[in-house]
Amino acid sequence: MAFHAGLALFSGGYIGVDIFFVLSGYLVTQVLVRDLTAVGRIRGRQFYARRVRRILPAAAITLVATAIAYAVVASPVELLDALGGFRAAFLYVANWYFIRQSSDYFAANVATNPVLQFWSLAVEEQFYLVWPLLFGALFFLTKRFGRWRWTAVRGIVVAFGLVSAIAALHLATTDLARAYYGTDTRAYQLLAGAALALTPQLLHLGPRWERIARWVTMSCVAVLLFVATSLIDLGPITRGVLTASVALLLLVALENARGGVAKDLLASAPFVYLGRISYGVYLWHWPVIVIAAHDRSLSPVTLFVISCVVATALAAISFRLVERPIRASQILDRHRGPVIAAGLAASLIFGVLVMPAILDPGSGTVAASSRSKAASRGFELLDWRAARDDFVGLPDCRGKPASRCTVVKGAGRRVVLMGDSDAWSWIPTFTEIAKQRGWSLSVLALPRCPWQRHLQVIHPSRFECAQAQADWYDRVLPKLDPDVLILSHQAFDDPRRGLPFVGPDGRGAYPATPQLEPLLTDVSSAALRELRRPGREILILEPIPDPPPELDPLSCLSTGRPSGECSYAVEQPTPLEEFYRKQAKRPGVSALDLDSVVCPRRPTCDAIVDDVIVKRDRNHLTATFARSVADKVAALIPETPPAASNQGAGGSEGDRELVAR
């Protein structure tokens with residue numbers, strides 16, 4: 001809870017889930033072992049019925065209440081973005097849903113989804129579904145081992161756990177979201193607990209170990225608290241492996257300790273009660289934080305206090321009125337099959353029918369502006385739902401023939417558009433220009449990946465970006481050999497964006513620090529030197545204006561507010577833009593300021609221009625708008641190469657005037 005509230009000291013507080021997985025694997029496997037030793041088989045209907053009664057009622061209440069509360073505070077765009085998460089939560093596939101969302105650059109922000117915490121519940125449910133079947137099959141197949149049967153079972157469980165841990169550590173270097181949310185890459189923690197349950201001799205070491213166990217218990221609790229802080233610099237997966245190891249040792253120590261400060265504290269009445277309602281506390285705390293912080297600036301301490309008080313109160317109410325009566329019901333205990341069927345049916349109905357009824361905002365049409373020349377030519381986009389998904393596909397020739405990145409084949413100049421997701425946004429514009437002028441247009445773009453070699457955003461995708469940059473520079477560009485190279489990226493040094501970078505030396509440069517601007521200018525200078533060729537023009541597209549952090553124009557439009565209330569002001573050029581304008585004085589380099597194209601009423605940027613919604617999110621143009629301004633952009637780019645004497649000043653007379661402005 002401290003981690004989710006944003007308390008900097010507990011930036012590793014997500015290890016609470018790691019501990020829970022180990023504990024869950026331990027307790028559930030103990031239940032299964034008792035079944036096998038008592039009756040020789042796993043009582044499946046009893047197991048699954050108890051899981052349904054334990055998990056589904058509290059989860060369903062939390063999801064429905066969260067959906068209703070979120071519908072009150074969120075915009076229609078935010079509701080539509082959250083709908084998939086609610087549906088996945090009810091169907092217990094939330095972890096895989098968030099993996100897909102994390103890899104989809106234009107998807108909604110996973111971190112603001114009010115049901116993000118259900119990813120771990122999905123992992124649990126998938127484990128509960130599969131583990132009894134696998135464990136029972138494993139027990140049956142090892143029958144021939146005789147008295148070594150349990151040793152064989154334990155060895156196989158440990159082997160699979162090691163494979164899962166190795167896979168998680170490997171994936172963490174290339175796809176952190178996949179490693180963090182994946183069921184298979186979390187299985188090692190569940191299997192670690194299972195392996196301990198299959199090793200009962202460690203739980204009864206004898207009286208001579210009691211004193212040592214008490215000290216080990218205290219030490220393990222202290223280590224876990226330390227690992228949950230920012231005082232140790234570890235990645236989420238490495239931290240998870242360490243946490244799982246310490247949690248195993250803690251369980252062994254607790255089972256062998258007789259008394260002691262740590263065990264007595266954990267066995268005290270407040271802690272026992274908190275343990276009883278902890279499932280509900282976990283379910284409620286995250287939506288409380290998301291809803292409380294929506295459109296508000298609350299300090300982490302305030303959020304932490306609010307989440308502790310409200311989530312604990314809601315969990316206590318849910319436990320008393322819903323969870324405990326259902327779990328203790330003797331009637332439900334006698335009707336296990338119907339309980340399982342009812343639970344599955346309820347999950348399906350709520351996920352597929354009820355959640356869309358609460359969260360789907362319906363019509364997406366916004367108020368039109370006056371009819372315009374652009375609208376009369378067929379460029380009209382006044383449905384925010386359509387604008388939300390209005391982008392073109394991104395060509396990808398990494399490790400493939402360079403021709404795979406060519407989107408327009410022409411007999412004229414060879415043009416390459418290169419950069420991050422802003423370059424992606426400009427594809428419709430330059431596709432239209434290429435068709436008009438007979439260019440051959442290729443696109444080298446990747447989200448969160450600058451055109452500058454050796455510059456990456458500090459993000460799990462940075463390794464993919466580094467590979468892409470090397471491929472672009474070393475293989476693809478030499479094969480395409482462009483006459484014109486158009487470079488585009490987001491406003492890297494806009495203090496409102498807060499993008500951290502890593503440079504060639506591997507050191508980080510963070511927003512509002514002295515290291516950022518020198519890093520950006522140095523790598524830009526080096527990249528321009530590498531990209532320049534005799535006869536090649538380099539055109540740098542200056543970043544287009546972004547709205548302030550508190551405004552998302554599309555979200556604003558979806559609320560039905562007048563489009564004028566969704567506008568924002570153009571900021572002053574950033575130091576990096578000024579640097580590009582200085583570079584435009586060099587031969588063969590031009591800088592193009594497109595602010596007046598995106599914001600015709602400059603210095604005001606409108607959410608709708610000529611009956612077209614401008615942006616599909618805070619940062620990216622809709623494909624329709626990008627296509628509609630192709631003629632305006634083309635008018636700023638000479639059709640023929642500028643004379644050598646003009647190149648030193650940044651291109652044609654019109655270009656120099658534009659750059660100066």
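For the structure, check the block above.
Notes on the structure follow. Just so it is clear, the model here is predicted, and its values are computed rather than measured.

### Some words on the overall build of the protein chain
Per the secondary structure count, the protein chain includes 29 helices and 13 strands. A burial count over the protein chain gives 52% of its 661 residues as buried. Considering only contacts in the protein chain between residues 6 or more positions apart, those separated by 24 or more positions represent 76%. Side-chain charges of the protein chain comprise 69 positive and 56 negative groups, with the mean position of each set lying 12 Å from the other.

### Brief notes about the pattern of salt bridges
In total, this model carries 24 salt bridges according to the counting rule given. Close ionic contact of Asp35 with Arg43 constitutes a salt bridge, the shortest N to O distance being 2.6 Å. Under the relative-accessibility criterion, Arg43 is labelled partly exposed at 31%. Salt bridges sharing common partners tie together Arg414, Asp481, Asp483 and Arg536.

### Some thoughts on a nonpolar patch on the surface
Judged by side-chain polarity, Leu91, Val93, Trp96, Leu348, Ile349, Val352 and Leu353 come together as a nonpolar surface patch covering roughly 610 Å² of accessible area. Here the element with the most residues in the nonpolar patch is helix 16 (residues 336–359); it accounts for 4 residues. One can find Trp96 in helix 5 (residues 94–103).

### What about the sheet that holds strand 6 (residues 501–502)?
Reading across the sheet, the 3 strands line up as 4-6-7 and stay open at both edges, with antiparallel pairing between neighbours. Two strands in the sheet have a free side with no partner beyond their single neighbour: strand 4 (456–457) and strand 7 (508–509). One ladder, built from 2 bridges, connects strand 4 with strand 6; its direction is antiparallel. Looking at the pairing, Val457 lines up with Phe501 of strand 6.

### Looking at the nonpolar core
Residues Phe118, Trp131, Phe135, Val157 and Tyr181 are the most contacted members of the largest nonpolar core, which totals 87 residues. Counting residues per element, this core draws most heavily on helix 3 (residues 44–73), which supplies 12 residues. Ignoring anything within four residues of it in the chain, the contact list for Tyr181 reads Asn95, Phe98, Ile99, Ser102, Val110, Leu116, Trp119 and Val123.

### Concerning the packing of aromatic side chains
If you walk through the whole model with that rule in mind, you get 21 aromatic pairs. Arranged with centres 6.0 Å apart and planes meeting at 80°, the rings of Phe21 and Trp119 form a pair that is edge-to-face. Of the two residues, Phe21 is situated in helix 2 (residues 15–39) and Trp119 in helix 6 (residues 118–141); the sequence distance between them amounts to 98 residues. A relative accessible area of 0% places Phe21 in the buried class. Overall, the relative accessible area of 5% leaves Trp119 in the buried class. Its end group placed over the ring of Tyr128, Arg51 keeps NZ or CZ at 5.1 Å from the ring centre. The lysine or arginine in question, Arg149, covers the ring of Phe139, its NZ or CZ lying 3.6 Å from the ring centre.

### A look at the sheet that holds strand 1 (residues 406–408)
Taking strand neighbours across the sheet as the criterion, the 6 strands line up as 1-3-2-5-8-10 in an open arrangement whose pairing is mixed. The open sheet is flanked by strand 1 and strand 10 (589–592), the only strands paired with a single partner. Going across the sheet, the axis of each strand differs from the next one's by a mean of 25°, ignoring polarity. Across 2 bridges, the pairing between strand 1 and strand 3 (residues 440–445) is antiparallel. By the bridge assignment for strand 3, Thr406 is matched with Ser442.

### Let's talk about the pairing of strand 3
When you tally the buried positions in strand 3, you get 6 out of 6 residues, the bulk of the element. Of the two faces of strand 3, the one carrying Ser440, Ser442 and Leu444 and the one carrying Leu441, Val443 and Ala445 are both buried.

### So, helix 22 (residues 516–531)
Quick reminder: α-helices carry 3.6 residues per turn. Residues three or four places apart thus point the same way. Taking 1.5 Å per residue, 16 residues should reach 22 Å; helix 22 reaches 22 Å between its end C-alpha atoms and fits that length. Every buried residue belonging to helix 22 is among Leu516, Leu519, Leu520, Thr521, Val523, Ser524, Ser525, Ala527, Leu528 and Leu531, and all of these are buried.

### A look at the packing of helix 3 against helix 16
Contact geometry for helix 3 and helix 16: axes closest at 9 Å, N-to-C directions at 15°. Classed by the angle they form, the pair helix 3 and helix 16 counts as roughly parallel. Every pair of crossing elements has a handedness; the one defined by helix 3 and helix 16 is left-handed. Of helix 16, the residues touching helix 3 (which contributes Arg45, Gln46, Tyr48, Ala49, Val52, Arg53, Leu56, Leu63, Val64, Ala67, Ile68 and Ala71) are Arg336, Val339, Ile340, Gly343, Ala346, Ser347, Phe350, Met355, Ile358 and Leu359. Its residues assigned to classes, the contact of helix 3 with helix 16 shows 16 nonpolar, 3 polar and 3 charged.

### Notes on unusual backbone geometry
Of note, the amide linkage connecting Arg602 to Pro603 takes the cis form, showing an omega dihedral of 15°. In this fold, Pro603 is placed in the loop between helix 25 (595–598) and strand 11 (604–605). With a phi close to 60°, Asp295 is a non-glycine residue in the positive phi region. In the Ramachandran plot, Asp610 falls in the positive-phi region, its phi being about 55° despite a non-glycine side chain. Among the structural elements, Asp610 can be located in the loop between strand 12 (608–609) and strand 13 (612–613).

Conventions adopted
- Residues numbered from 1 in each chain as written.
- Predicted model: local features only at pLDDT ≥ 70, side-chain atom pairs only at ≥ 80, totals over all residues.
- Heavy atoms only, no water.
- Helix = DSSP H or I, 4+ residues; strand = E, 2+ residues; numbered from the N terminus.
- Buried < 20%, exposed > 50% of the residue type's maximum accessible area, 1.4 Å probe, protein only.
- Contact = heavy atoms within 4.5 Å.
- Lys, Arg positive; Asp, Glu negative; His and termini not counted.
- Charge placed at Lys NZ, Arg CZ, Asp CG, Glu CD.
- Salt bridge = Lys/Arg side-chain N within 4 Å of Asp/Glu carboxyl O.
- Patch = residues over 30% accessible without salt bridge, like charges linked within 9 Å, V, L, I, M, F, W, Y side chains within 5 Å.
- Areas by Shrake-Rupley, 256 points an atom, 1.4 Å probe, with all protein chains shown as cover.
- Pairing = 2+ DSSP bridges.
- Core = buried A, V, L, I, M, F, W, Y, C linked by side-chain atoms within 4.5 Å.
- Phe/Tyr/Trp six-rings, centres within 6.5 Å; stacked < 30°, edge-to-face > 60°.
- Lys NZ or Arg CZ within 6 Å of the ring centre and 35° of its normal.
- Axes fitted to C-alpha atoms, helices over the stretch in contact; angles between N-to-C directions.
- Expected span 1.5 Å × (residues − 1).
- Parallel < 35°, antiparallel > 145°, perpendicular 65-115°, else oblique.
- Left-handed = near helix turned anticlockwise from the far one by under 90°.
- Nonpolar A, V, L, I, M, F, W, Y, C, P; charged D, E, K, R; others polar.

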